[in-house]
Amino acid sequence: MMHNQSSAIRTTVSLEPDVFRALERAVAEGRFDATRRAGAGRRPSAFKLAINEALRRGLRESPAIAPTKIELPSFDMGAALVDLTKALSLATELDDQDIIAKLRAGK
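Residues numbered from 1 in each chain as written. Predicted model: local features only at pLDDT ≥ 70, side-chain atom pairs only at ≥ 80, totals over all residues. Heavy atoms only, no water.

*Asks:* Looking at this model, I keep getting lost on the overall build of the chain. Mind explaining?
*Replies:* Looking only at helices and strands, the chain features 3 helices and 0 strands. Reading the chain from its N end, one meets helices and strands in the order α-α-α. Counting all 107 residues of the chain, 7% fall into the buried class. If you take every contact in the chain between residues at least 6 apart in sequence, the share linking residues at least 24 apart comes to 43%. Counting every atom, the chain has about 9900 Å² of accessible surface; 58% of that belongs to carbon and sulfur. (Helix = DSSP H or I, 4+ residues; strand = E, 2+ residues; numbered from the N terminus. Buried < 20%, exposed > 50% of the residue type's maximum accessible area, 1.4 Å probe, protein only. Contact = heavy atoms within 4.5 Å. Areas by Shrake-Rupley, 256 points an atom, 1.4 Å probe, with all protein chains shown as cover.)

Below, the structure is given as structure tokens:
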């Protein structure tokens, strides 16, 4: 279903800098058809045409990607060697000791 500019939906899109530059390059290289009319004799900007055409191509050409099920091995590690009821406190204490050792070593 094609829409002309007069029936197009206006929206704001935030483009990341690399995407913006790639679209600018594509427009400058003439990779998009700039001959479409926007109704009532108006002509949409080349940049708008490029965005729409890039979206059309991407949506048409990109097959749906099915999620891949990944199975990782698991191992029985036996009983815990330390009391894990205060595991977060233990982790914090170990991190603190590591930071203190690095500071003393001048790292």
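*Asks:* Sorry if this is basic, but what is going on with the pattern of salt bridges here?
*Replies:* Within the structure shown, the criterion is met by 4 salt bridges. Here Arg56 makes a salt bridge to Glu53, at a shortest N to O gap of 3.4 Å. On the criterion of helical spacing, the pair formed by Arg56 and Glu53 is a turn pair, its members being 3 residues apart in helix α2 (residues 46-61). According to the relative accessible area criterion, Arg56 is partly exposed, its value standing at 27%. (Salt bridge = Lys/Arg side-chain N within 4 Å of Asp/Glu carboxyl O.)

*Asks:* I tried to follow the environment of Glu24 on my own but got confused; where do I start?
*Replies:* Note on placement: Glu24 falls in helix α1 (residues 17-28). For Glu24, a relative accessible area of 40% gives the class partly exposed. The spatial distance from the C-alpha of Glu24 to the C-alpha of Ala50 is 8.6 Å, given a sequence separation of 26 residues.

*Asks:* For this particular structure, what's the right way to read the packing of aromatic side chains?
*Replies:* What characterises a pair of aromatic rings is the spacing of the ring centres plus the angle enclosed by the ring planes. Applying the stated criterion across every chain yields a total of 1 aromatic pair. With 5.3 Å between their ring centres and 55° between their planes, Phe20 and Phe47 make a pair best called tilted. Residue Phe20 is located in helix α1, and its partner Phe47 is located in helix α2; the two are separated by 27 residues in the primary sequence. On the basis of relative accessibility, which here comes to 36%, the residue Phe20 falls in the partly exposed class. Looking at Phe47, the relative accessible area reads 25%, which means it is partly exposed. (Phe/Tyr/Trp six-rings, centres within 6.5 Å; stacked < 30°, edge-to-face > 60°.)

*Asks:* Please clarify how α1 should be interpreted in this entry.
*Replies:* The α-helix winds at 3.6 residues per turn, so residues separated by three or four positions along the chain end up facing the same way. Taking 1.5 Å per residue as the helical rise, α1 with its 12 residues ought to reach 16 Å, and the 16 Å between its terminal C-alpha atoms agrees with that figure. Phi for Gly30, located one or two positions after α1, is positive at around 70°. (Expected span 1.5 Å × (residues − 1).)

*Asks:* Can you help me understand the packing of α1 against α2 in this one?
*Replies:* Helices that pack against each other are described as a pair by the angle of their axes relative to one another and the distance between those axes. Interaxial distance between α1 and α2 falls to 10 Å at its minimum, and their mutual angle equals 110°. In this view, α1 runs roughly perpendicular relative to α2, as classed from their interaxial angle. Contact residues: α1 offers Phe20, Leu23, Glu24 and Val27, while α2 offers Ala46, Phe47, Ala50, Ile51 and Ala54. Residue composition of the contact of α1 with α2, grouped by class: 8 nonpolar, no polar and 1 charged. (Axes fitted to C-alpha atoms, helices over the stretch in contact; angles between N-to-C directions. Parallel < 35°, antiparallel > 145°, perpendicular 65-115°, else oblique. Nonpolar A, V, L, I, M, F, W, Y, C, P; charged D, E, K, R; others polar.)

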